[in-house]
Amino acid sequence: MQDNLPELRDIHLPDGVSPFPLAWEWWLVLAGIVLLFLVIQFILYLRRYSKARYALKLLEEISSENVVVAAKQISEILRRICILKYKEAAALFGNEWGEFLNQKTKKPLEKKAAELLINAPYIPEKSQVYSMQDLENLREFCKKWIGENL
């Protein structure tokens, strides 16, 4: 019996269990987590951009028949956005309101259109002081302002 001892080898432990390749169930769990992350990002994207789309839709629905009434409605849209995003600006009026809007955009509002926006609540609806061009300038400013601030 002693003669076989040199032929015996030491006991070798088997290699450890490797975590890779993963079983198909783990790939399924990983795919579910990635899918959940993408769905959450998509929902956040929709929430962020749906407000801007809604505001632009309201802006497009404003009738251009009466310049003063349209300017009041544009001012209302801008104020609603300010209530949502810039709470301190919701109570501004007059020149402070116009200056605030100009601070939050790259291209400031033209003088005549700014006067229309500021004075619209105080002008009689049948007034012919402002032209359609002033209203269109105000509308374009509002589109850009919404795009930059929502």
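Draft legend 1. Spotlight on the nonpolar core. Ranked by size, the top nonpolar core spans 33 residues in total, and within it Ile-74, Ile-77, Leu-78, Phe-100, Leu-101, Leu-138 and Trp-145 carry the most contacts. For this core, the secondary structure elements donating two or more residues are helix 1 (24-61), helix 2 (67-85), helix 3 (95-103), helix 4 (111-119) and helix 5 (132-149). It is helix 2 that provides the largest number of residues to this core, a total of nine residues. Every residue in contact with Trp-145, bar those within four places of it in the chain, is listed here: Leu-78, Ile-81, Cys-82, Tyr-86, Phe-100, Leu-101, Lys-104 and Thr-105.

Draft legend 2. Quick look at the packing of aromatic side chains. Overall, the coordinates contain three aromatic pairs when judged by the stated rule. With a centroid separation of 4.8 Å and 50 degrees between ring planes, the pair formed by Tyr-45 and Tyr-49 is classed as tilted. Taken together, the residues Tyr-45 and Tyr-49, both in helix 1 and four residues apart, mark about one turn of the helix. The interplanar angle of 65 degrees and the centroid separation of 6.3 Å between the aromatic rings of Tyr-86 and Trp-145 together place this pair among those described as edge-to-face. With Tyr-86 in the loop between helix 2 and helix 3 and Trp-145 in helix 5, this pair connects stretches of sequence that are 59 residues apart. Aromatic ring contacts, followed pair by pair, group Tyr-86, Phe-100 and Trp-145 into a single cluster. Note that Arg-79 overlies the ring of Trp-97, its terminal NZ or CZ placed 4.0 Å from the centroid.

Draft legend 3. Quick peek at the pattern of salt bridges. Taken as a whole, this structure holds six salt bridges when the rule is applied. One salt bridge in this structure joins Glu-125 and Lys-72, with 3.9 Å as the shortest N-O distance. Of this pair, Glu-125 sits in the loop between helix 4 and helix 5 while Lys-72 sits in helix 2; the two residues are 53 residues apart in sequence, bridging distant segments of the chain. Its relative accessible area of 43% is what places Glu-125 among the partly exposed residues. By relative accessible area, which is 27% here, Lys-72 ends up partly exposed.

Draft legend 4. Quick look at helix 3. For helix 3, the complete set of buried residues consists of Trp-97, Gly-98, Phe-100 and Leu-101. The buried residues of helix 3 occupy one face: seen down the axis, they fall within an arc of 160 degrees. In helix 3, the exposed positions angled more than 90 degrees off the buried face are occupied by Asn-95 and Gln-103. Buried residues belonging to helix 3 abut helix 2, helix 4 and helix 5.

About the cut-offs
The residue count restarts for each chain, going from 1 along the sequence in the order it is written. Side-chain atom pairs in this predicted model are given and counted only at pLDDT of 80 or more, local residue features only at pLDDT of at least 70, and totals for whole chains, interfaces and linings cover all residues. With hydrogens and water set aside, each side-chain value is computed from the structure's full complement of heavy atoms. For this analysis, a nonpolar core means a set of buried residues of the types Ala, Val, Leu, Ile, Met, Phe, Trp, Tyr and Cys, connected via side-chain atoms within 4.5 Å. Accessible area is worked out with a 1.4 Å probe on protein chains only. A residue is then buried under 20% of its type maximum, exposed over 50%, and partly exposed in between. Strands are runs of DSSP state E lasting at least 2 residues, helices are runs of H or I lasting at least 4, and numbering of each runs from the N terminus. In what follows, residue pairs with any heavy atoms lying within 4.5 Å of each other are defined as contacts. Working definition: a ring pair exists when centres of Phe, Tyr or Trp rings (six-membered ring for Trp) sit within 6.5 Å. Plane angles under 30 degrees give stacked, over 60 give edge-to-face, the rest tilted. Throughout this description, the term charge over a ring refers to an Arg CZ or Lys NZ atom that lies within 6 Å of the ring centre and within 35 degrees of the ring normal. Salt bridges are defined as contacts in which a side-chain nitrogen from Lys or Arg sits within 4 Å of a carboxyl oxygen from Asp or Glu. Note that the arc is defined by the directions from the helix axis to the C-beta atoms.

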